[in-house]
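Next come the chains, spelled out residue by residue.
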Amino acid sequence: MAVAFDRVLLDIEEPFTFSSYHKSMREPFDYYMFGQNYIRPLVDFRSSYVGNVSLFFEMEEKLNQGHNIVLISNHQTEADPAIIALLLESTNPHVAENLTYIAGDRVITDPLCKPFSMGRNLICVYSKKHMLDVPELIEMKRKSNTRSLKEMALLLRGGSQIIWIAPSGGRDRPDPVTGEWYPAPFDTSSIDNMRRLAEHSGIPGHIYPLALLCHDIMPPPPQVEREVGEKRVISFHGAGLSVAPEISFPDIITASKNPEEAKEVYTQAFYNSVTEQYNVLKSAIHGQQGLKASIPSVSLSQPWGD
């Protein structure tokens, strides 16, 4: 906490401004390891699981061949990037350290978030959920998002990129009636934009569905808040990460009647896969079934050993 407050105060004195594409800052102060070491004590590795770890090795091979990878994921907490990296650091450190996250503006403006964001590779965008919050800023936000899209197109043209995006546009929330958590619905245009960027890069691209369960560690406020500076509650808990085989758009479009329907079907295929994987992680962690929660399409393991 002392280091965190030190970094927050430092940024208040000399505010850091994020560019539309931000590279992880590793020196003279290693902001990546700062984030890892801050979140690590909150993860109960004894009741944490990774689904289909072999696919992360497959991704590393594809990245080494110069291919691009896109991860279509649900989003649970501000700590998601650190939790993903912590669950992969013993098996796939290359993926853990080289992931680029499509990040909302709040993680680059909130004083408590900023030091953690400085340690990640980020492409900064304004979320649709907050696009209309302040009418005078709408045009500036749109222009900024256009710049970010151009940065992403450039990155993908260079190859060997692994990009994480949450097409729900924000964090998952529990059902207000049952209190059950579930992945928030995906926005079709977000997935379609990502797919087209990957296709137009001229580099082979692979798009995988990724599920993340970690809301207990740092749950978001019950409702989406307009103001920056929400109350943070943290706890020690198991977390889960799972990936399923890539989903190919050509396979979907051949079975569809028209392109618009194909986009909807493609989005639903990702959402269904993420939800299926999420439910397996939920059985393992909350249902305390552990490795027995595995199903034919989701093989759970604890690749960090002891």
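Residues numbered from 1 in each chain as written. Predicted model: local features only at pLDDT ≥ 70, side-chain atom pairs only at ≥ 80, totals over all residues. Heavy atoms only, no water.

Looking at an unreviewed UniProt entry, one finds the protein chain named Phospholipid/glycerol acyltransferase domain-containing protein and attributed to Citrus clementina.

Colleague: Any chance you could explain empty space enclosed by the protein here in plain terms?
Modeller: One way to see where empty space is left: roll a probe the size of a water molecule over the atoms. Tallied over the full model, the rule gives 1 cavity of 30 Å³ or more. Looking at the largest cavity, its volume works out to about 30 Å³. Lining the largest cavity are Ser24, Tyr32, Ala96, Glu97, Leu99, Tyr101, Gly119, Arg120 and Asn121. Residue assignment for the lining of the largest cavity shows that the elements contributing at least two residues are α5 (93-98) and β4 (99-104). Looking at the lining of the largest cavity, its residues break down into 4 nonpolar, 3 polar and 2 charged. (1 Å grid on protein atoms, 1.4 Å probe; cavity = no way out; pocket = protein on both sides within 12 Å on 5 of 7 lines; lining within 4 Å. Points joined across faces, edges and corners; volume = space filled by probe spheres on them. Helix = DSSP H or I, 4+ residues; strand = E, 2+ residues; numbered from the N terminus. Nonpolar A, V, L, I, M, F, W, Y, C, P; charged D, E, K, R; others polar.)

Colleague: Just checking my understanding: could you explain the layout of surface pockets for this structure?
Modeller: Computed from the structure, the second largest pocket encloses a volume of approximately 230 Å³. Around the second largest pocket sit 15 residues that line it, and Thr17, Phe18, Ile108, Cys124 and Tyr126 are the ones nearest its centre. Secondary structure elements with two or more residues in the lining of the second largest pocket: β5 (121-125) and α7 (138-158). Looking at which element gives the most residues to the lining of the second largest pocket, the answer is α7, with 3 residues.

Colleague: Where do I start with the pattern of salt bridges in this structure?
Modeller: Proximity of charged atoms lets side chains of opposite charge pair with each other. Inspection of every chain in the model, using the stated rule, returns 14 salt bridges. Residues Asp110 and Arg232 are paired through a salt bridge, measuring 3.1 Å at the closest nitrogen-oxygen approach. Placement of the pair is Asp110 in the loop between β4 and α6 (114-117) and Arg232 in the loop between β7 (205-213) and β8 (240-243), with a sequence separation of 122 residues. Judged by its relative accessible area of 6%, Asp110 falls in the buried class. The exposure class of Arg232 is partly exposed, given its relative accessible area of 24%. Residue Asp192 is joined to Arg196 by a salt bridge in which the shortest nitrogen-to-oxygen separation is 3.3 Å. With Asp192 and Arg196 both in helix α8 (residues 188-200), this residue pair falls 4 residues apart, about one helical turn. Within the structure, one salt-bridge network assembled from shared partners comprises Asp192, Arg195, Arg196, Glu199, Glu260 and Lys263. (Salt bridge = Lys/Arg side-chain N within 4 Å of Asp/Glu carboxyl O. Buried < 20%, exposed > 50% of the residue type's maximum accessible area, 1.4 Å probe, protein only.)

Colleague: Sorry if this is basic, but what is going on with the UniProt feature "short sequence motif: HXXXXD motif" (unreviewed entry) in the protein chain here?
Modeller: Mapped onto the present numbering, the UniProt feature "short sequence motif: HXXXXD motif" (unreviewed entry) falls at residues 75-80. For residues 75-80, the end-to-end C-alpha separation is 7 Å, with 17% helix and 0% strand making up the annotated structure. (UniProt positions renumbered as here; feature names shortened; annotations may be inferred.)

Colleague: What exactly am I supposed to notice about unusual backbone geometry here?
Modeller: Of all residues except glycine, most have a negative phi; of all peptide bonds, most are trans. That bond from Glu27 to Pro28 is cis: its omega, 0°, falls within 30 degrees of zero. Following the sequence through the fold, Pro28 ends up in the loop between β1 (21-22) and α2 (31-39). We note that Asn52 has phi near 60°; this positive angle belongs to a residue other than glycine. With respect to the helices and strands, Asn52 occurs in the loop between β2 (49-51) and α3 (53-64). Given a relative accessible area of 11%, Asn52 falls into the buried group. One non-glycine residue, Ser160, adopts positive backbone phi at about 55°. Relative to the helices and strands, Ser160 resides in the loop between α7 and β6 (162-165).

Colleague: I'm lost on the side chain of Asn121 in this one. Help?
Modeller: With respect to the helices and strands, Asn121 occurs in strand β5. Contacts of Asn121, omitting those with residues within four sequence positions, involve His22, Lys23, Ser24, Glu97, Asn98, Leu99, Thr100 and Tyr101. (Contact = heavy atoms within 4.5 Å.)

Colleague: Looking at this structure, how should I read the packing of aromatic side chains?
Modeller: Given two aromatic rings, their pairing is described by the distance between the two centres and the angle made by the two planes. Taken as a whole, this structure holds 12 aromatic pairs when the rule is applied. Centre to centre, the rings of Phe34 and Tyr38 are 6.5 Å apart; their planes meet at 50°, and the pair counts as tilted. Taken together, the residues span about one helical turn, with Phe34 and Tyr38 both in helix α2 at a distance of 4 residues. The buried category is assigned to Phe34, whose relative accessible area is 8%. (Phe/Tyr/Trp six-rings, centres within 6.5 Å; stacked < 30°, edge-to-face > 60°.)

Colleague: Would you take a moment to explain the sheet that holds β2 for this structure?
Modeller: Strand pairs in the sheet, formed through backbone hydrogen bonds, run parallel or antiparallel to each other. Taking strand neighbours across the sheet as the criterion, the 9 strands line up as β1-β5-β4-β6-β3-β7-β8-β2-β9 in an open arrangement whose pairing is mixed. Of all the strands in the sheet, the pair left with one neighbour each is β1 and β9 (300-301). Of the strand pairs in this sheet, β2 and β9 are connected by 2 bridges, and their pairing is antiparallel. Residue pairing across strands places Gly51 opposite Leu300, the latter belonging to β9. (Pairing = 2+ DSSP bridges.)

Colleague: Is there a simple way to think about the packing of α7 against α8 in this case?
Modeller: Two packed helices can be described by the angle between their axes and the distance between those axes. Following both chains from N to C, one finds α7 and α8 inclined at 40°, their axes separated by 8 Å at the closest point. Comparing their axes, α8 and α7 come out oblique. Like other packed secondary-structure pairs, α7 and α8 cross with a definite hand, here right-handed. Between α7, through Leu149, Met152, Ala153 and Leu156, and α8, the contact on the second element is made entirely by Met194, Leu197 and Ala198. Residue classes in the contact of α7 with α8 are distributed as 7 nonpolar, no polar and no charged. (Axes fitted to C-alpha atoms, helices over the stretch in contact; angles between N-to-C directions. Parallel < 35°, antiparallel > 145°, perpendicular 65-115°, else oblique. Left-handed = near helix turned anticlockwise from the far one by under 90°.)

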